[in-house]
Amino acid sequence: DFEGQNLAESLTTTIIAFTGILAFIAGWVLSDLKYTVYVGLSGTTLAFLAVVPPWPMYNRNPLVW
Amino acid sequence: MHSSLVRVQSVFSFFTTVTFCVAAFIALSTVLSPTNPTATVDVRKFRVIKGRAHQYYASKVQEYAFINFDLDADLGSLFNWNTKQVFTYISASYPGSKFSENEAVIWDAILPHRSASRLHLKNERAKYNINDITGKFSDRENITLSLYWNVQPHVGVLTWGSVGLSEAFTLPPLEGKEKVSAKN
């Protein structure tokens, strides 16, 4: 379970950081702030979906009492 | 990360941090990057009428200057992807008797888009008819009109600038007693 927690945390960090960079680049290249906001929000939604619901991949090493 | 609620909180907090960082980068990139507004403004005073007028909601009778002007401006280079709108205004400045520098805005406009940033106005009537703080405008000399712009970004700091200066002109003496409302 602790492995799962590590995975969840590293996943959220990388997804959201990457989304931030992509959002900035998208807005810069397309020269419109709208795209920055869209890319940023959709990437964040992806991060939420990947991390928050209790997927079984986070429970691969459960604790043995 | 041991429960869903904790994960929600963690993801959201990192999201706000990243959002703030991206906004800071955006603001920096649009303020520091070479934004050189090569606006060619040519403000020419066309005609000046001055008359005694009643202020529409006060009983004090003062002297007002009615100014018409020509304006030729291209403020397109001020628009980048971070600009929400550009507020531009023309202000008349002159030395006065009571204070050494007086300045009054006679006209302004909001440009929400780059397509609206090419201004060609001929004999445009000033939006705001100005009056002097002493109440008398007679024969004021050395009045110059200049165009100012103010860029309002989506994220970041506001920036101002001025461009274009007309030559100095002198107001004619008081015209007849026209009972004209000041908000023409």
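Residues numbered from 1 in each chain as written. Chains lettered and ligands numbered in written order. Predicted model: local features only at pLDDT ≥ 70, side-chain atom pairs only at ≥ 80, totals over all residues. Heavy atoms only, no water.

- The name recorded for chain B in an unreviewed UniProt entry is Signal peptidase subunit 3, from Morchella conica CCBAS932.
- Heading Subcellular location (unreviewed entry) of the UniProt record for chain B holds this comment: "Endoplasmic reticulum membrane".
- According to the UniProt record, the Sequence similarities (unreviewed entry) comment for chain B is "Belongs to the SPCS3 family." (UniProt positions renumbered as here; feature names shortened; annotations may be inferred.)

- Under an unreviewed UniProt entry, chain A has the name Signal peptidase complex subunit 1 and belongs to Morchella conica CCBAS932.
- In UniProt, chain A has this text filed under Subcellular location (unreviewed entry): "Endoplasmic reticulum membrane".
- Under the UniProt heading Sequence similarities (unreviewed entry), the entry covering chain A gives this text: "Belongs to the SPCS1 family."

**Some points on the interface of chain A and chain B**
Now for step 1: Every contact between the two is made by 23 residues of chain A and, on the other side, 17 residues of chain B.
Now for step 2: The contact between chain A and chain B buries some 1,800 Å² in all, and 82% of this surface belongs to carbon and sulfur atoms.
Now for step 3: Among the residues of chain A in contact with chain B, Phe24(A), Leu33(A) and Val52(A) are the three that bury the most area, contributing 30% of the side total.
Now for step 4: The tally of links between chain A and chain B comes to zero salt bridges.
Now for step 5: Taken together, chain A and chain B are joined by one residue pair in polar contact (both at pLDDT 80 or more). (Contact = heavy atoms within 4.5 Å. Buried area = accessible area lost by both parts, 1.4 Å probe. Salt bridge = Lys/Arg side-chain N within 4 Å of Asp/Glu carboxyl O. Polar contact = N/O pair within 3.5 Å; in protein donor to acceptor, adjacent residues only side chain to side chain.)

**A few points about the UniProt feature "transmembrane region" (unreviewed entry) in chain A**
All names here are of chain A.
Now for step 1: When the UniProt feature table is mapped onto this chain numbering, "transmembrane region" (unreviewed entry) sits at residues 12-30 and 37-55.
Now for step 2: Secondary structure within residues 12-30 divides into 100% helix and 0% strand; the distance between the first and last C-alpha atoms comes to 26 Å.
Now for step 3: Secondary structure within residues 37-55 divides into 79% helix and 0% strand; the distance between the first and last C-alpha atoms comes to 28 Å. (Helix = DSSP H or I, 4+ residues; strand = E, 2+ residues; numbered from the N terminus.)

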